[in-house]
Amino acid sequence: MRTETADALLRAVLPPWAVGAARADDVPGPLFAGERALCEGAGPRRKGEFTTGRWCAHRALARLGERPVGVGRGPRGEPLWPRGVLGSISHCPGFRAAALCRTRDAWALGIDAEVEGPLPARVRARLISEEEAGLMRPEVAGERLLFSAKEAVYKACSALVGPGQAPPMAELRILVEPGEHGPGASGRFRARVPAVAGLVGLDPGHIEGRWHRSHGLVLTSCVVVRPGMEAPTTRPRRVVGTALGPQTRSAWDSST
């Protein structure tokens with residue numbers, strides 16, 4: 001898969017005011033010094049996922065109009081974005097991606113990518129409720145799409161309340177709205193989130209879910225738009241060029 005194709009697949013699940021970058025194959029870098037330290041000792045597969053995910057993040061920052069900087073990692077593995085930026089990174093066999101937007105445009109953003117196919121029986125029994133299974137239309141959305149949607153919603157909720165504080169994925173309820181079906185299909189989904197601390201009073205109408213199926217992949221995104229705000233409709237200005245180098249004087253971003 002060409003990088004342009006991977007980018008197009010990601011754009012299919014992003015709102016117009018968010019940006020992203022994706023690719024199908026791994027790249028060796030470059031990484032900032034702090035990023036390199038995070039994957040020291042990792043095996044080839046994990047190092048490839050991490051490095052290419054950060055490559056996508058750097059590229060997405062440039063597309064957002066930001067100078068690329070090192071993307072740190074929180075205590076539970078979550079990416080740490082520059083001030084004023086929020087986003088998500090995802091990877092699966094044959095696809096790596098990062099998506100970003102401004103904090104003024106949304107409260108949270110989560111993305112997920114999965115290889116199309118049935119879920120393992122144990123995962124399906126634990127995460128897909130009887131209600132969801134009963135409402136599922138196999139020709140539109142299979143269990144893998146439900147799983148991916150829950151992953152995206154969980155990431156968005158974690159950005160709001162903190163990693164480890166979001167409702168378990170089994171308690172998230174997903175309803176895929178009627179739409180297209182077959183390869184290349186896209187659509188929306190709705191999410192019902194339990195009222196836990198930090199999510200109480202959140203209007204379900206402000207949880208926007210998108211999905212896309214193509215090239216043997218299932219991609220999903222979840223955006224939590226700020227209550228009382230309409231989602232912006234313009235794309236951010238793009239920075240020409242994505243050359244990486246030390247951009248700040250912090251130890252994190254130093255390349256030496």
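Residues numbered from 1 in each chain as written. Predicted model: local features only at pLDDT ≥ 70, side-chain atom pairs only at ≥ 80, totals over all residues. Heavy atoms only, no water.

1. Side note on the nonpolar core
Next up, step 1: Counting residues in each nonpolar core, the largest one holds 27 residues, and the members touching the most others are V153, I174, V176, F189, V193, W211 and C222.
Next up, step 2: Counting only elements with at least two residues in this core, the list comes to α6 (143-161), β7 (173-176), β8 (186-192), β9 (207-214) and β10 (217-224).
Next up, step 3: Ranked by residue count, the leading element in this core is α6, at nine residues.
Next up, step 4: L14, A97, L109 and L219 belong to the second-largest nonpolar core, a separate cluster that totals 22 residues. (Core = buried A, V, L, I, M, F, W, Y, C linked by side-chain atoms within 4.5 Å. Buried < 20%, exposed > 50% of the residue type's maximum accessible area, 1.4 Å probe, protein only. Helix = DSSP H or I, 4+ residues; strand = E, 2+ residues; numbered from the N terminus.)

2. Here we look at empty space enclosed by the protein
Next up, step 1: In the structure shown here, the tally under the stated rule is two cavities of 30 Å³ or more.
Next up, step 2: For the second largest cavity, the calculated volume is near 30 Å³.
Next up, step 3: Together, L10, V13, S90, F95, A97, I111, D112, A113, L219 and T220 line the second largest cavity.
Next up, step 4: Secondary structure elements with two or more residues in the lining of the second largest cavity: β5 (95-102), β6 (108-115) and β10. (1 Å grid on protein atoms, 1.4 Å probe; cavity = no way out; pocket = protein on both sides within 12 Å on 5 of 7 lines; lining within 4 Å. Points joined across faces, edges and corners; volume = space filled by probe spheres on them.)

3. Here we look at the pairing of β9
Next up, step 1: Within β9, eight of the eight residues are buried, leaving the element largely enclosed by the surrounding structure.
Next up, step 2: Along β9, one buried face is formed by I207, G209, W211 and R213 and the opposite face, lined by E208, R210, H212 and S214, is buried too.
Next up, step 3: The sheet contact formed by β8 and β9 spans four bridges and is antiparallel. Paired with G187 across the strands is W211, a residue of β9.
Next up, step 4: Judged from the eight bridges that link them, β9 and β10 form a sheet pairing that is antiparallel. When the bridges of β10 are listed, H212 appears paired with L219. (Pairing = 2+ DSSP bridges.)

4. Some thoughts on unusual backbone geometry
Next up, step 1: In the segment running from G29 into P30, the intervening peptide bond is cis, with an omega of 10°.
Next up, step 2: Summarising the element assignment, P30 is placed in the loop between β1 (19-23) and α2 (33-38).
Next up, step 3: Within the chain, H215 stands out as a residue other than glycine whose phi angle is a positive 55°.
Next up, step 4: Position of H215 among the secondary structure elements: in the loop between β9 and β10.
Next up, step 5: The exposure class assigned to H215 is exposed, which follows from its relative accessible area of 53%.

5. Observations regarding the sheet that holds β5
Next up, step 1: The sheet built from three strands is open, its strands ordered β1-β5-β4 with antiparallel pairing. Of all the strands in the sheet, the pair left with one neighbour each is β1 and β4 (85-92). On average, each strand axis in the sheet is inclined to that of its neighbour by 10°, with strand direction left out of account.
Next up, step 2: Pairing between β1 and β5: five bridges, direction antiparallel. Looking at the pairing, A21 lines up with A98 of β5.
Next up, step 3: Along the sheet face, helix α1 (residues 3-11) touches β1 and β5 and points at about 135° away from the line of β1. (Axes fitted to C-alpha atoms, helices over the stretch in contact; angles between N-to-C directions. Contact = heavy atoms within 4.5 Å.)

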